[in-house]
Amino acid sequence: MIPKLQVALDNLSLKDALKSLKEYGNIIDVIEVGTILHVSEGLEPIRFLRILYPEKIILADIKGADAGSILAKQCFDAGATWMTAICCADIQTMKSMLKVSKEYEEDKDIQIELYGDWTFERAKIWKEAGLKQVVYHRSRDAELSGKDWSDEDLIKIKKLCDMDFKVTVTGGLKVENLKLFKNLPIYCFIAGRGIREAKNPKQMAMNFKEEIKKYWK
Ligand code: 5RP
Ligand code: MG
């Protein structure tokens, strides 16, 4: 399967996010309302984008840690297709989100955001609980301190794919990074700054798409 392309709108305002998105909104597969934008504007961007892009997958990257049912209801009522839970959340929180997702249309889903000290033992528990998606991150802060993609990342990503998770990869991705993952069945690539802050964001979104097509059939 060809990996999807998601753009993370980690803008400080909805106005800015919309200005950026209108350039490449029709090219990408998944629109993410980033954690930063959620902190600025709550769930309003989800409501707005659902009206503007009725057919798109829209992700609410709230990195939910507790109160799973309430958060899930809030995100899905606003129009999100997917929402995120942070990996250190209690399994009951994740199960509650999943349970709520099943009360909506079939496409609703939960992504677990992998940060810090998660383990494969925990990943097994997520799998057994019915969670299907994980997001493998290189954190912004790790990246800023100079951490590049490594073999260790690729081994962990492969292990998650082998466990049959749909694995999304993100964290300061640039178009030239994609080939690193070419032997892996990546579900989705998320780029934020790499597309939003490009000189020509529309062209850059197309470059990401082209690069994906080069390595995945
Ligand atoms: C960070 C995030 C970002 O949305 C994600 O990493 C994509 O942004 P960028 O490509 O700018 O790193 O969730 O926690
Ligand atoms: Mg994000």
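Draft legend 1. How the structure looks around the site of ligand 1. Taken together, 13 residues are adjacent to ligand 1, and D10, Y115, G172, G192 and R193 come closest. Measuring from an oxygen atom of ligand 1, one finds a side-chain N or O atom of D61 at 3.0 Å. Separating an oxygen atom of ligand 1 from a side-chain N or O atom of R193 is a distance of 2.6 Å. Protein contacts shield 94% of the accessible area of ligand 1, which totals 360 Å² for the unbound molecule.

Draft legend 2. Spatial organisation of helix α8 (residues 151-162). Between its first and last C-alpha atoms α8 spans 16 Å; for 12 residues at 1.5 Å apiece the expected length is 16 Å, and the two agree. Regarding α8, the residues found buried are D153, I157, L160 and C161. Around the axis of α8, the buried residues are gathered within 100° of arc, so they sit on the same side. In α8, those exposed residues whose orientation departs by more than 90 degrees from the buried face are D151, E152, I155 and D162. Contacts from the buried residues of α8 go to β5 (109-114), α6 (120-128), β6 (133-137) and β7 (166-170). Immediately beyond the C-terminal end of α8, within one or two residues, lies D164, with a positive phi of roughly 75°.

Draft legend 3. Layout of the sheet that holds β5. Spatially, the eight strands close up into a barrel ordered β1-β2-β3-β4-β5-β6-β7-β8, and their pairing is parallel. On average, adjacent strands in this sheet sit at an angle of 25° to one another, irrespective of strand direction. Sitting on the sheet, helix α3 (residues 44-52) touches β1 (4-9), β2 (30-33) and β3 (57-64), and the angle it makes with β3 is about 170°.

Draft legend 4. Highlighting unusual backbone geometry. If you check the backbone angles, K63 has positive phi at about 50° while not being a glycine. Note on placement: K63 falls in strand β3. Classification of K63 by relative accessible area gives partly exposed; the value is 21%. Non-glycine residue D164 carries a positive phi angle of around 75°. Looking at D164, the relative accessible area reads 57%, which means it is exposed.

Draft legend 5. Broad picture of the packing of helix α1 (residues 14-24) against α3. Closest axis-to-axis distance for the α1/α3 pair is 11 Å, and the angle between their directions is 30°. In terms of their interaxial angle, α1 and α3 are classed as roughly parallel. Handedness of the crossing formed by α1 with α3: right-handed. Residues L14, L18 and L21 of α1 lie in contact with α3, whose contacting residues are P45, F48, L49 and L52. Residue classes in the contact of α1 with α3 are distributed as seven nonpolar, no polar and no charged.

Draft legend 6. Expanded view of the coordination of the magnesium ion (ligand 2). Each protein donor to the magnesium ion (ligand 2) is listed here as E32 (OE) and D61 (OD); together their distances run 2.0 to 2.1 Å. Within this pair, whereas E32 is found in strand β2, its partner D61 is found in strand β3, the two being separated by 29 residues in sequence. D61 gets classed as buried once you look at its relative accessible area, which sits at 3%.

Draft legend 7. Representation of the state of the cysteines within the structure. Inspection of every chain in the model, using the stated rule, returns zero disulfides. As a non-bridged cysteine, C75 has C88 as the owner of its nearest cysteine sulfur, 17 Å distant. Residue C188 stays outside any disulfide, its sulfur separated by 13 Å from that of C161, the closest cysteine. Residue classification places C188 among the buried residues on the basis of a relative accessible area of 0%.

Scoring rules and cut-offs
Residue numbers restart at each chain and count upward from 1, following the sequence in its written direction. The lettering of chains begins at A and the numbering of ligands begins at 1, in the order of writing. In view of the model being predicted, local features appear only for residues whose pLDDT reaches at least 70, and side-chain atom pairs are presented and counted only at 80 or more, with totals across whole chains, interfaces and linings using the full set of residues. Water and hydrogen atoms play no part in the side-chain values, which are based on all heavy atoms of the structure. We call a residue near a molecule or strand whenever a single non-hydrogen atom of that residue lies within 4 Å of it. Between N or O atoms, a polar contact is any pair within 3.5 Å; within protein, one atom must be a potential hydrogen donor and the other a potential acceptor, and residues adjacent in sequence are included only when both atoms are from side chains. For the area figures, the Shrake-Rupley method with a 1.4 Å probe applies, and any residue is considered shielded solely by the protein chains shown. Helix numbers and strand numbers start at the N terminus; a helix is a DSSP run of H or I with at least 4 residues, a strand a run of E with at least 2. To estimate the expected span of a helix, count its residues, drop one, and scale the result by 1.5 Å. Whether a residue is buried, partly exposed or exposed follows from its accessible area with a 1.4 Å probe, protein chains only, as a fraction of its type maximum: under 20%, in between, or over 50%, in that order. Picture the helix axis, draw a direction to every C-beta atom, and the arc is the one those directions span. By definition, residues are in contact when any of their heavy atoms lie within 4.5 Å. Only strands that DSSP links by at least two bridges are regarded as paired with each other. Here, axes are lines fitted to C-alpha atoms. For helices the fit covers the stretch in contact, and angles between N-to-C directions go from 0 to 180 degrees. Each angle is binned into one of four classes, with values under 35 degrees roughly parallel, values over 145 roughly antiparallel, values of 65 to 115 roughly perpendicular, and all other values oblique. Should the near helix be turned counterclockwise from the far one by less than a right angle, the crossing is left-handed, whereas a clockwise turn marks it as right-handed. Residues were grouped as follows: Ala, Val, Leu, Ile, Met, Phe, Trp, Tyr, Cys and Pro as nonpolar; Asp, Glu, Lys and Arg as charged; and all remaining residues, including Gly, as polar. The rule for donors is simple: N, O or S, within 2.8 Å of the metal, or within 3.2 Å if the metal is Na, K or Ca. Water isn't counted, so a site may look like it is missing partners. Cysteine sulfur atoms that come within 2.5 Å of each other are treated as a disulfide pair.

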